[in-house]
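# Structure assessment
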Amino acid sequence: MRVLLLFALVGLLAFVLARWAVTRRPHWISLTLVLLVLLPTAWFELRWRAAENAFSAVTRMLVPGAEGAACQRMLATWTYGGLEWGHVQFDAAGRPEAVAWLSYDACRHLRDWYFSDKSAPTLDQVRAVEILAHEAEHLRGQRSEAVAECDALQRTEEAATALGATPEQARALVLTYWRVIYPRLWSEYRTGDCREDGPLDRTPGDGVWP
């Protein structure tokens, strides 16, 4: 919707300027009104695109060969009734698409965290950072939700750091996810194998978890 609004505003601005050029009379009121709406709309759109590009860059870092991440637009939420914050489509042969889809809410919380000082993330923001890592695991080809979740948990710190968090902030974020959010997940996203030195610990014996 914001993109459509931008096109409309740019067209209106062009009309006002063309009318000014033809009549040789300044139309300050019309120009001011258009700019008052156009400039903040453009600013929000640029921030949204900058954030989406950053999320895509992290996805490509986690999964070389992936194309990135795509954020759902607000207009699409009007016809979206799902609860998922993200997904990756697999074809009939079990191959994943190259792009991870993130819901509008996931991108909104992830964007708000990305542009913050990252010192006090909300639980929704913590969840959004982990969702990015989770969908990256699906891009890697992992179809099991529980395994993808456990692998993502162990790479969320890396993703958070790549998005600008300090090592301390990234560590605190992943520990919050593990202690507060992970135990509340649907059962299909959890497994007893996801534990320190367990079958899904990717670096067993190092004394670090997750």
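Rules used throughout
Residues numbered from 1 in each chain as written. Predicted model: local features only at pLDDT ≥ 70, side-chain atom pairs only at ≥ 80, totals over all residues. Heavy atoms only, no water. Salt bridge = Lys/Arg side-chain N within 4 Å of Asp/Glu carboxyl O. Helix = DSSP H or I, 4+ residues; strand = E, 2+ residues; numbered from the N terminus. Buried < 20%, exposed > 50% of the residue type's maximum accessible area, 1.4 Å probe, protein only. Pairing = 2+ DSSP bridges. Contact = heavy atoms within 4.5 Å. Patch = residues over 30% accessible without salt bridge, like charges linked within 9 Å, V, L, I, M, F, W, Y side chains within 5 Å. Areas by Shrake-Rupley, 256 points an atom, 1.4 Å probe, with all protein chains shown as cover. 1 Å grid on protein atoms, 1.4 Å probe; cavity = no way out; pocket = protein on both sides within 12 Å on 5 of 7 lines; lining within 4 Å. Points joined across faces, edges and corners; volume = space filled by probe spheres on them. Nonpolar A, V, L, I, M, F, W, Y, C, P; charged D, E, K, R; others polar. Axes fitted to C-alpha atoms, helices over the stretch in contact; angles between N-to-C directions.

### Notes on the pattern of salt bridges
Between side chains of opposite charge, pairing is possible as soon as their charged atoms come close. Counted according to the given criterion, the structure contains ten salt bridges. Two residues, arginine 49 and glutamate 45, come together in a salt bridge whose shortest N-O distance is 2.8 Å. Here glutamate 45 and arginine 49 lie together in helix 2 (residues 28–62), a separation of four residues that amounts to about one turn. A residue is classified by how much of its surface remains accessible, and glutamate 45, at 5% relative accessible area, is buried. As a salt-bridge pair, glutamate 158 and arginine 155 come within 3.3 Å of each other at their nearest N and O atoms. Taken together, the shared-partner salt bridges connect Glu45, Arg49 and Arg73 into one network.

### Things to note about the pairing of strand 3 (residues 99–102)
Of the strand pairs in this sheet, strand 1 (residues 68–71) and strand 3 are connected by four bridges, and their pairing is parallel. Among the inter-strand pairings, cysteine 71 is bridged to a residue of strand 3, identified as leucine 102. Relative to strand 3, strand 2 (residues 86–87) runs antiparallel, the two sharing two bridges. Residue histidine 87 lies in a different strand from strand 3, and its bridge partner there is tryptophan 101.

### Re helix 6 (residues 145–153)
Within helix 6, eight of the nine residues are buried, which leaves it mostly tucked inside the rest of the structure. Taken as a whole, helix 6 has its buried residues at Ala146, Val147, Ala148, Glu149, Cys150, Asp151, Ala152 and Leu153. Buried positions along helix 6 lie against helix 5 (123–139), helix 7 (156–162) and helix 8 (167–181).

### Comments concerning a nonpolar patch on the surface
On the surface, a cluster of nonpolar side chains totalling about 330 Å² of accessible area is made up of Met74, Leu75 and Trp78. For leucine 75, the location among the structural elements is in helix 3 (residues 74–77). What makes leucine 75 partly exposed here is its relative accessible area of 35%.

### Quick look at the layout of surface pockets
If you add up the space inside the largest pocket, you get close to 430 Å³. Every residue lining the largest pocket is counted, 19 residues in all, and those nearest its centre are Arg127, Ile131, Leu185, Trp186 and Tyr189. Ranked by residues supplied to the lining of the largest pocket, first place goes to helix 5 with seven residues. Residues belonging to the lining of the largest pocket are distributed by class as follows: nine nonpolar, two polar and eight charged.

### Observations concerning the sheet that holds strand 3
Pairing within the open sheet is mixed, and its three strands lie in the order 1-3-2. Each having just a single partner strand, strand 1 and strand 2 make up the two edges of the open sheet. Of the strands in this sheet, strand 1, strand 2 and strand 3 touch helix 5, which is tilted by about 145° from strand 3.

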